[in-house]
Every structure is written in structure tokens, then in C-alpha cells.
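Listed below are the residues making up each chain.
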Amino acid sequence: KTYQMLEEARELKAHGVDVAIGYFEPHGRPDTIAKTEGLELIPRKRIEYRGSSFEEMDVEAILARNPQVCAVDEFPHTNVPGSDRIKRWEDVETLLTAGIDVLTTMNIQHLESLNDQIWHITGVRVRETIPDWVVHQADEVLMIDLAAGPAAPSGARGGIRARESGARHAEL
């Protein structure tokens, strides 16, 4: 998903569109990280919470920069307490309201209406969900599907997470 989002961002930039990356989660994938080259990355905002420092998307910096298009990874993310908004999708709504188009990513299991079905199939209750009405507002939704079995060809180019990371992700 992230790889495809960055491909789209690069294509837009090549066609003269002002594009910036508002949030990118690399997950240690070298080929995906390489896709950020040549794209402006807006620095993250540090937030202190319970004695630890966390990094979140800096919505105010994105608004000040005002790109035509902003790439925002991890759409269902729950922001650290103390952030201006609870969910990243709410941050994206703020960008859209300001007239900034957004490219973003999410797994299908994060769609709120599928939550019970995902739980029955996998036994995992997904806690970070996106309301269906938010997704319905999108101008375009692109579904990225991986083949079953060894995750080639995208696995070969670094397009998916390592097995232990994926297992950790499934516990969300």
C-alpha cells in the first residue's frame, strides 16, 4: 500500500503537482524507503506522553506548507493522547477541509463495517477502524491485492513487512 501511494506521489510530482509527504512509516522496507527520494518529507511533531516522546504527523506544518497533495501513511492510526485530534483520519479531514488533496493507506480490515467479519474469520478484534462514511467520501479508492503464497513479486522489492512485524500488526 505504502509503496503504491509513494509511486502515485512520484508520478504526480513528475507531472508538476506540488506533493509532500505528511507521514510515512517505513517499517524497514528498503525499496519503499527509496520511493521517498525526491519527495519533500514534512518533519513529524514530537508529543510527550507519560514520560515518553512520540512522533505524530504535524498537521499544522502541513497546513503551513500547503502542498496540492499530501501523502499520509497509516490512515487508521490512533494519535497519541495530547494530540489535537484522536485519529489520523480526523487529521486527514482537516487537510481536506483546507483544500489539500490526500493520498493515504489502510488495510481492508480497518473498515468499520467489516470489524465483526474480520473478528469471526481471524479471531482478532481490530481496534483502529475507519468509519465507512469517511471512506465513502474519497474521490477514488484503489485496492491493492497480494497473491497468496510467497509474497512475490512485491515481497522481493520490499513492499511488505517482515513476518514478525506482520504478526505484531495483526494484534492491533
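Residues numbered from 1 in each chain as written. Predicted model: local features only at pLDDT ≥ 70, side-chain atom pairs only at ≥ 80, totals over all residues. Heavy atoms only, no water.

### Side note on unusual backbone geometry
Thinking step 1. Although it is not a glycine, N66 adopts a positive phi angle of roughly 55°.
Thinking step 2. The phi dihedral of E74 is positive, around 60°, even though this residue is not glycine.
Thinking step 3. Considering the arrangement of structural elements, one finds E74 in the loop between strand 5 (69-72) and helix 4 (88-97). (Helix = DSSP H or I, 4+ residues; strand = E, 2+ residues; numbered from the N terminus.)

### Quick word on the nonpolar core
Thinking step 1. Of all hydrophobic cores here, the largest spans 16 residues; its most connected members are M57, I62, C70, V72, F75 and L95.
Thinking step 2. At the level of secondary structure, the elements contributing two or more residues to this core comprise strand 1 (19-23), helix 3 (59-65), strand 5 and helix 4.
Thinking step 3. For this core, the element with the highest residue contribution is helix 4, accounting for 3 residues.
Thinking step 4. Ignoring sequence-local partners within four residues, the contact set of F75 consists of R88, W89, V92, T104, T105, M106, I130 and V134. (Core = buried A, V, L, I, M, F, W, Y, C linked by side-chain atoms within 4.5 Å. Buried < 20%, exposed > 50% of the residue type's maximum accessible area, 1.4 Å probe, protein only. Contact = heavy atoms within 4.5 Å.)

### Observations regarding the pattern of salt bridges
Pairing is possible between side chains that carry opposite charge, provided their charged atoms lie close to one another.
Thinking step 1. Using the criterion set out here, one finds 12 salt bridges in the structure.
Thinking step 2. The partner of R46 in a salt bridge is E55, and the shortest N-O contact between them spans 3.2 Å.
Thinking step 3. Notably, a salt bridge pairs E60 with R85, separated by 3.8 Å at the nearest N-O pair. Of this pair, E60 sits in helix 3 while R85 is found in the loop between strand 5 and helix 4, placing the two residues 25 residues apart along the sequence.
Thinking step 4. Relative accessible area serves as the criterion here: at 36%, E60 is assigned to the partly exposed category.
Thinking step 5. Through salt bridges with shared partners, a single network forms among K45, E60, D84, R85 and D91. (Salt bridge = Lys/Arg side-chain N within 4 Å of Asp/Glu carboxyl O.)

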